[in-house]
Structure formats: structure tokens, C-alpha cells
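Here is how the chains run, residue by residue.
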Amino acid sequence: LVLTGNPAVATPFVISPEAQDIYRQIWSPVQWGKRPVLRMPSLVYRDGPPWNLTLTAHLDAEDVTFRGFTAETLKVVVTLDLPKSVRVEPITLNTGSGDVVGDLVFSLDGVPRCCFNLDGTEGNLDPKELLCAIDESFADAIPEISFGKPTRLTLNGESYLSGDPRLTVKGTLKTPEI
């Protein structure tokens, strides 16, 4: 099955209203310049109780913006195992001035949360711009600093998807000069 358009199109398949809200949150900060192409070699729905939807999809897109961070190309594999989890891995972004590689895992059981890994950036990316895409509050927390090129950023962290997000982030930043 091949679909062209926003991955949020799968929202009606998410039975739980709370899980639908979380699934919408995953895709709501994404702006699509060109319509993404979703190739789904696997889609299985089992009626319950308990119900289950599994899906594997390969997403390719051009001109994608996530909270102000723009990529020329995006390639991801999305794996749904609803109502339990959504995995977006690997994520490969090319910005024209560098690459970003990482993954996201949304755990929807119990207290819904998102875990992320940024395996590293390559090229001339602005670390502050990337950090602000993760959490907009970094804009105020990080002073105006110019980083030498190339700068490499590696991160991992976790955030809750309901209530207080309690974002935790740790990582390394390597730059030839500040």
C-alpha cells in the first residue's frame, strides 16, 4: 500500500481517544513542504479485546520543517504497535548543510512518554536551532553563541506526553571554536 500525504491519516485507526491525541501530537509540529510518500508493506488490525494495530511504513519526504528546523529530505521507518507504541527509527534528515541521524520511541502504555536519540550531526548545523526543535524553551536557555564549523551534537532524552513533560536531555557538543 502506498499513500501520499500526512502520516496523521492513520489517526482513525487509533481506537483510544487519549492515544489518538498523543498520535496527533507526534505529527502536529511537522510542516510538509511536499506531500510525503508512505509505503506500507505491512498493516494488520486485530479486533479485541484487546485490539491491536501493527503497521510498518517507510516515509520519504522533501522540504520538511519540525518546529522551525528545516530539512531538504527526510527518510524514516515508522512502526506502529498500537495501543502500546510508535517507533520512528531510523530518522535521517539532510539539511543541505549537514545530516542528522536519530530515532524516536513513543511508549503509550502507563504514563505515555517519548524517548529520543540523536546519534549525531554531521556538517555545519546550528546546534541551538536543533535543540529548539526538541524543546522551544532552549531558545531562552542557550545564549547567543556562534559555533565553529563543523560542529557535532549527540543527544538522548525523554519527555512525558501528558501532564508535566519533564524533559530530560543529555549529550555532547564538539566544536572547533566558540
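Note: the structure precedes this text.
Cut-offs applied
Residues numbered from 1 in each chain as written. Predicted model: local features only at pLDDT ≥ 70, side-chain atom pairs only at ≥ 80, totals over all residues. Heavy atoms only, no water. Pairing = 2+ DSSP bridges. Helix = DSSP H or I, 4+ residues; strand = E, 2+ residues; numbered from the N terminus. Core = buried A, V, L, I, M, F, W, Y, C linked by side-chain atoms within 4.5 Å. Buried < 20%, exposed > 50% of the residue type's maximum accessible area, 1.4 Å probe, protein only. Contact = heavy atoms within 4.5 Å. Polar contact = N/O pair within 3.5 Å; in protein donor to acceptor, adjacent residues only side chain to side chain.

### A word on the pairing of strand β5 (residues 69–82)
Sheet faces and side chains relate simply in a regular strand, where the side chains alternate between the two faces. In terms of strand pairing, strand β4 (residues 52–66) meets β5 through 13 bridges, oriented antiparallel. Looking across to β5, one finds that V64 is bridged to A71. Here β5 pairs with strand β6 (residues 85–94) via 8 bridges, running antiparallel. Within β6, the position partnered with K75 by the bridge is T92. Connecting the antiparallel pair β5 and β6 is a turn made up of 2 residues.

### A word on the nonpolar core
The tendency in soluble globular proteins is for nonpolar side chains to be buried as a group. If you look at the biggest cluster of nonpolar residues, it comprises 42 residues, and the most contacted ones within it are W32, L74, L80, V86 and F106. Discounting residues that sit within four places of it in the chain, W32 has contacts with N6, P7, W27, L59, A61, D63, V64 and L74.

### Overview of the side chain of N52
As for its placement among the helices and strands, N52 is situated in strand β4. Owing to a relative accessible area of 15%, N52 belongs among the buried residues under this scheme. Side-chain polar atoms of N52 contact the side chain of D81, separated by 2.9 Å. Ignoring any residue separated from it by four or fewer positions in sequence, one finds N52 in contact with V44, Y45, R46, D81, L82 and P83.

### Side note on the side chain of S85
As for its position among the elements, S85 is in strand β6. Not counting chain neighbours up to four residues away, the residues in contact with S85 comprise T79, L80, F106 and L108.

### Here's the deal with unusual backbone geometry
Residues L82 and P83 are joined by a peptide bond in cis, for which omega reads 15°. Among the secondary structure elements, P83 is positioned in the loop between β5 and β6. With an omega of -10°, the peptide bond between E89 and P90 qualifies as cis. Among the structural elements, P90 can be located in strand β6. Positive phi values are uncommon outside glycine, yet D63 reaches one of about 55°. Residue D63 is classed as partly exposed on the basis of its relative accessible area of 39%. Phi is positive for R67, close to 50°, though the residue is something other than glycine. The class of R67 is partly exposed, set by a relative accessible area of 37%.

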